[in-house]
Amino acid sequence: MLAMAENFCQQYALLYPDNKPLLLCPVNECGVQKFVSTTLRSTLLSYPELYNWEGCASFVSDYLSLELLDPPFELPKQLSSPTWVLQTQRGTCFDFSSVLCSLLLGAGYNAYCVSGYATKEMCLLDQSRQECPLLQTPKIQGKTEEPEKTMRKYSVKPPRDLHSSFEKLQEEKRHTEAKEAALKEQLEDERLQKEKERPPPDPLLGLRVHSWVLVLSGNREEPENFFIDPLTGKRYSTTNENFLGIESVWNHQNYWVNKQDCAFGCGEMTFDMGDLSKWEYMLCGLTSQSMSNISEPKTLQESEDEEEEEMDELKVFEMPQSWVTKIDISAPDMEMRFPGGMKVVQYRKAKLEKFAPYLLKDGLVTKLTIYKDLDCTQPSTIKEWFSHRSDCLDERELHTDSNVTSEHFRPGRRDALRCHRYVTLVPETERQMDFYSHTRTDGLARRIEKPFEMTETFEDRTDFLFNRHVVYGKQVKVIWAGEAFEQRPLRRVEERFHRDPSKPASKDVAERVFMMSDRRIQVTYHLEDDRIIPAWLNFMKPKEPADSQKAQAFTPQMVSGFQVDRSAKPYKNLQLYEMLVELMKDEENVELQIRDSEKAIKSILSSRKKEEINTDLLISIYNTMRNEMAHRHMKEKERMAKEKKQRQEKKELDLLAPFQARLGQPEACLTEFKQLLDNKTSRSQSRIKKEEEELQKSQFTLTAEDKDDLPTAALKPSSGSTSSK
């Protein structure tokens, strides 16, 4: 392969002496020459993120750090293997392309590494003049025009337009001129701003060497060809002006040299690798042979003769297998994502910081700082994104000018808080809280608090309440249960209700107003279908009993109202009295609910302070590296498996194991065998004891004369005397 590459390089230098040399056989990390196509290793990893080109490009741009070419207008002398690049997390743009192309080939894309030329900003990974992707607003589709309403023959004609058409035309003309002037001024400002931000001319324009990835259409249902810059992970059109020219492309099967003119960039290039007039292949394969035969039609006899000659003379050489070891990325490395766990990218008037999960104690994973000036010295907005937080905090946004903070939470909090917008965490100040209403029993969706006002919005309540507005007075000291504390008195409470279909409109309350300061209650009913004015009632509450006075009695003069239907019977005094009593009870319940809302606000603010001081991160039970309980469980499981293996080995050495297994109860066999041995031992001991007793009975005494007659050896005790006797 190296010999063929050297021959190809010599022919290329002879045919194109003015062109720069090609990147064919650089040395690898071990100093050994390798052909560039064999440096690619098609790999599909087990992470779902790497199954499409977006995930692969984003991973490569985040995981690796760039080493600039030195000098920037020459090809690199070393091309490391993707395995080595992923291990060191550093490499040139060519190393980036090799890793990305290997992953794309494994994912099923028709991908190629490209050696060419690009602009200075792309080669140096300078994104300081580009907008941050997080700030780019999605394109809004044009509004669909409403179909014109057809006028029926007997429909009611609209009222006559009495406005002057001439005045309308003049007004529209003035608006159009004002818009054109504003647009012209805006375009001029943008032009001046671009002139101001335009970089100085690059002396090496068109000479800076760069490498990127080409993806051809067809595979994975890709409709068109496109480029991927591995340094940023972004997708570009093949006509993008940042790509100034292409020298060669290669994949794991072949190598092609570009024969097209790139004086005006890559906009007019075609990427049909079988077109021999525009691409020169290195290894002769079936595709290149068929394309060359199609270019010149010949007779059947001539084709057969040429095929026989080619079979005799031409020997097809296939690309050797990749020398690169298997590409593997461990789960901890995949989670760490960035070199050192963090990465900083500078954009136009913005700075983006990325962090690996669990790297910071507060769970911060992304931080975007937006500045007012191009020098990035005056921050205007700070956005932060979090993950794995126990308080379910997902996003935080701080506007430095107004000092307003907005926090967004994931579902899962006990208080069902969804969004919190505030200036300070001190109670009774301006704030807005949004809740997940479907998870709350009271259906609260939004609560807006001001120093002297509070507005609550509800959804899907059984009593059809959807809005409550509270007006407070100045704080006063209140003594309750022997304790003095400050409290805001209620001055006015307004409640609004949706229509209840089960009741008639004249009996269905639409609005209740409790005016505590004036001791009045006003009730407004829903508007009937054929009416333009709703019915209403106004109650005056009787005075409460004082020390020396009795409670004020109810009188009809305490009630005033309006009844839409004149034919309806008026309310009786007893009915009005019962309604007043019911409304006074409702007023007490409403006041209790408002005080509960105030306590809930204080509880939420207190918990938020504690959560910010002591931030806890949630760890999945499947994350055995960080979850201590799961880690201990895995250790215990490994220990039990080891002990089981040792017991199994001991069983294999046990001679009685086959016989015990045949019986089916090896533990019972062992117990019975032990009992049998104990029984034998006890019987032996009892027999020995009995023999000793009989021996003692059969012993006889000797006189002094008999002892003298016996030899001396016979009088000495011996070890076998007992048994012999």
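Structure report, in brief. (Residues numbered from 1 in each chain as written. Predicted model: local features only at pLDDT ≥ 70, side-chain atom pairs only at ≥ 80, totals over all residues. Heavy atoms only, no water.)

## A few points about the overall build of the chain
The condition is simple: Secondary structure counts use DSSP, requiring at least four H or I residues in a row for a helix and at least two E residues in a row for a strand, with both numbered from the N terminus. Residue exposure (1.4 Å probe, protein chains only): buried if accessible area is under 20% of the type maximum, exposed if over 50%, otherwise partly exposed. What makes two residues a contact is simply this: any of their non-hydrogen atoms within 4.5 Å. Here, Shrake-Rupley sampling with a 1.4 Å probe gives the accessible areas, and only protein chains in the shown set may cover a residue.
Tallying secondary structure elements over the chain gives 16 helices and 27 strands in all. The buried share of the chain, taken over its 725 residues, is 34%. Within the chain, counting contacts between residues at least 6 apart in sequence, those at least 24 apart form 51% of the total. Total accessible area on the chain stands at roughly 48,500 Å², and carbon and sulfur atoms take up 53% of it.

## Quick word on unusual backbone geometry
In this chain, D70 is followed by P71 through a cis amide linkage whose omega measures 0 degrees. Along the polypeptide, P71 turns up in the loop between β1 (65–66) and α3 (82–88). Here R337, not a glycine, exhibits a phi torsion of approximately 70 degrees, which is positive. Following the sequence through the fold, R337 ends up in the loop between α9 (331–336) and β10 (342–347). Look at C392: it is not a glycine, yet its phi comes out positive at around 65 degrees. Position of C392 relative to the elements: it lies in the loop between β13 (379–386) and β14 (393–399).

## Focus on the packing of aromatic side chains
Aromatic rings in a pair are described by how distant their centres are and how their planes are angled relative to each other. Filter applied, for reference: Working definition: rings of Phe, Tyr and Trp (its six-membered ring) pair if their centres are within 6.5 Å, and the pair is stacked with planes under 30 degrees apart, edge-to-face with planes over 60 apart, and tilted otherwise. For a Lys NZ or an Arg CZ to count as sitting over a ring, it must be within 6 Å of the ring centre and within 35 degrees of the ring normal.
Inspection of the entire model under this criterion finds 13 aromatic pairs. Taking 5.7 Å as the distance between ring centres and 10 degrees as the angle between the ring planes, the aromatic pair formed by W250 and Y255 counts as stacked. In this pair, the class of W250 matches that of Y255, namely buried. One residue, R389, lies across the ring of F386, its end atom 5.0 Å from the ring centre.

## Here's the deal with the pairing of strand β18 (residues 444–450)
The condition is simple: Strands pair, by our definition, only if DSSP identifies at least two bridges between them.
One ladder, built from 4 bridges, connects strand β17 (residues 431–435) with β18; its direction is antiparallel. Across the sheet, residue R431 finds its bridge partner in β18, namely E449. By the bridge criterion, 6 bridges tie β18 to strand β19 (residues 453–458) in an arrangement that is antiparallel. Within the sheet, the bridge partner assigned to L444 lies in β19 and is F458.

## With respect to the sheet that holds strand β5 (residues 226–229)
To keep things clear, this is the line we draw: Axes here refer to lines fitted to C-alpha atoms; in helices the fit is confined to the stretch in contact. Angles between the N-to-C directions go from 0 to 180 degrees.
The strand order across the open sheet formed by 7 strands is β6-β5-β4-β3-β7-β8-β9, and the pairing between neighbours is antiparallel. What marks the edges here is a single partner per strand, and that holds for β6 (234–236) and β9 (279–281). Strand-to-strand, the axes of this sheet are offset by a mean angle of 35 degrees, without reference to chain direction. Here strand β3 (residues 110–118) pairs with strand β4 (residues 209–216) via 8 bridges, running antiparallel. Its bridge partner being in β4, A111 is matched across the sheet by V215. Sitting on the sheet, helix α4 (residues 93–106) is in contact with β3, β4, β5 and β7 (243–250), with an inclination near 10 degrees to β4.

## Topic: the pattern of salt bridges
How we decide: By salt bridge we mean one thing: a side-chain nitrogen of Lys or Arg within 4 Å of a carboxyl oxygen of Asp or Glu.
Under the criterion given, the structure shown has 49 salt bridges. Of the charged contacts, one joins E456 and R447 as a salt bridge, the two residues approaching to 3.0 Å between their closest N and O atoms. Exposure class is identical for E456 and R447. Each is buried. In this structure, the salt-bridge partner of D463 is R461, at a minimum N-O distance of 2.9 Å. Each member of the salt-bridge network shares a partner with another, and the members are E384, R389, D391, R396, E407, R413, D415, R608, E611 and E612.

## Details of the nonpolar core
Stated formally: Only buried residues count toward a nonpolar core. Its members are Ala, Val, Leu, Ile, Met, Phe, Trp, Tyr and Cys residues joined through side-chain atoms within 4.5 Å.
Counting 54 residues, the largest nonpolar core has L24, F35, F59, L104, I228 and Y255 as its most contacted members. With 9 residues, α4 is the single largest residue contributor to this core. Once residues lying within four places of it in the same chain are set aside, the contact partners of L24 are A5, F8, C9, K34, F35, V36, Y255 and M282. Core analysis: the next-biggest nonpolar cluster, separate from the first, contains 37 residues, M433, F497, I521 and V590 among them.

## Description of the side chain of Q260
Note the threshold: Here a polar contact means two N or O atoms within 3.5 Å. Within protein one must be a hydrogen donor candidate and the other an acceptor candidate, and residues neighboring in sequence count only if both atoms are side-chain atoms.
Counting through the fold element by element, Q260 comes out in the loop between β8 (255–258) and β9. Residue classification places Q260 among the buried positions, given a relative accessible area of 15%. Here T270 takes part through its backbone oxygen, which lies 2.9 Å from a polar atom of the side chain of Q260. Excluding residues that lie within four positions of it along the chain, Q260 makes contacts with E268, M269, T270, K278 and W279.

## Digging into helix α6 (residues 165–197)
What counts is decided by this rule: In this analysis, the expected span of each helix is defined as 1.5 Å times one less than the number of residues it contains.
Look at α6: 47 Å from first C-alpha to last across 33 residues, which is about the 48 Å you get at 1.5 Å a residue. For α6, the side-chain oxygen to backbone nitrogen distance between the N-cap and F166 is 3.4 Å, and the N-cap itself is S164.

## Remarks on the packing of helix α2 (residues 53–63) against α4
How we decide: These descriptions rest on fixed angle ranges, namely under 35 degrees for roughly parallel, over 145 for roughly antiparallel, 65 to 115 for roughly perpendicular, and the rest for oblique. Each crossing gets its hand from how the near helix is turned against the far one by less than a right angle, where anticlockwise is left-handed and clockwise is right-handed. Following the grouping adopted for this structure description, the nonpolar residues are Ala, Val, Leu, Ile, Met, Phe, Trp, Tyr, Cys and Pro, the charged ones are Asp, Glu, Lys and Arg, and the polar ones are all others, Gly among them.
It is at 10 Å that the axes of α2 and α4 come closest, and there the two elements cross at 155 degrees. Taken together, the axis directions place α2 and α4 in an arrangement best described as roughly antiparallel. Regarding α2 and α4, the two cross each other, and that crossing is right-handed. Between α2 and α4, the residues in contact are W53, C56, A57, F59 and V60 and F96, V99, L100, L103 and L104, respectively. Residue composition of the contact of α2 with α4, grouped by class: 10 nonpolar, no polar and no charged.

## Comments concerning a negative patch on the surface
Here is the rule we go by: Residues enter patches when they are more than 30% accessible in relative terms and free of salt bridges; like-charged ones are connected within 9 Å and nonpolar ones (Val, Leu, Ile, Met, Phe, Trp, Tyr) within 5 Å. When charges are tallied, Lys and Arg are placed among the positive residues and Asp and Glu among the negative ones, while His and the ends of the chain are skipped. Throughout, a charge is located at the NZ atom of Lys, the CZ atom of Arg, the CG atom of Asp or the CD atom of Glu.
Taken together, the side chains of E691, E692, E693 and E694 present a region of like negative charge at the surface. Among the secondary structure elements, E691 is positioned in helix α13 (residues 666–698).

## With respect to the side chain of K541
Relative to the helices and strands, K541 resides in the loop between β26 (536–540) and β27 (559–562). Taking the relative accessible area as the measure of exposure, K541 reaches 13% and is therefore buried. There is a polar contact of 2.9 Å between the side chain of K541 and the side chain of E587. The residues touching K541, leaving out its near neighbours within four places in the chain, are R519, I521, M584 and E587.

## Comments concerning α2
Within α2, 9 of the 11 residues are buried, leaving the element largely enclosed by the surrounding structure. Every buried residue of α2 is accounted for by W53, G55, C56, A57, F59, V60, S61, D62 and Y63.

## Observations regarding the pairing of strand β16 (residues 417–422)
Inspection of the sheet shows strand β15 (residues 404–409) paired to β16 by 4 bridges, in the antiparallel sense. Across the sheet, H408 pairs through a bridge with C419, a residue of β16. Where β16 meets β17, 5 bridges bridge the pair, whose relative direction is antiparallel. Of the residues in β17, the one forming a bridge with H420 is M433.

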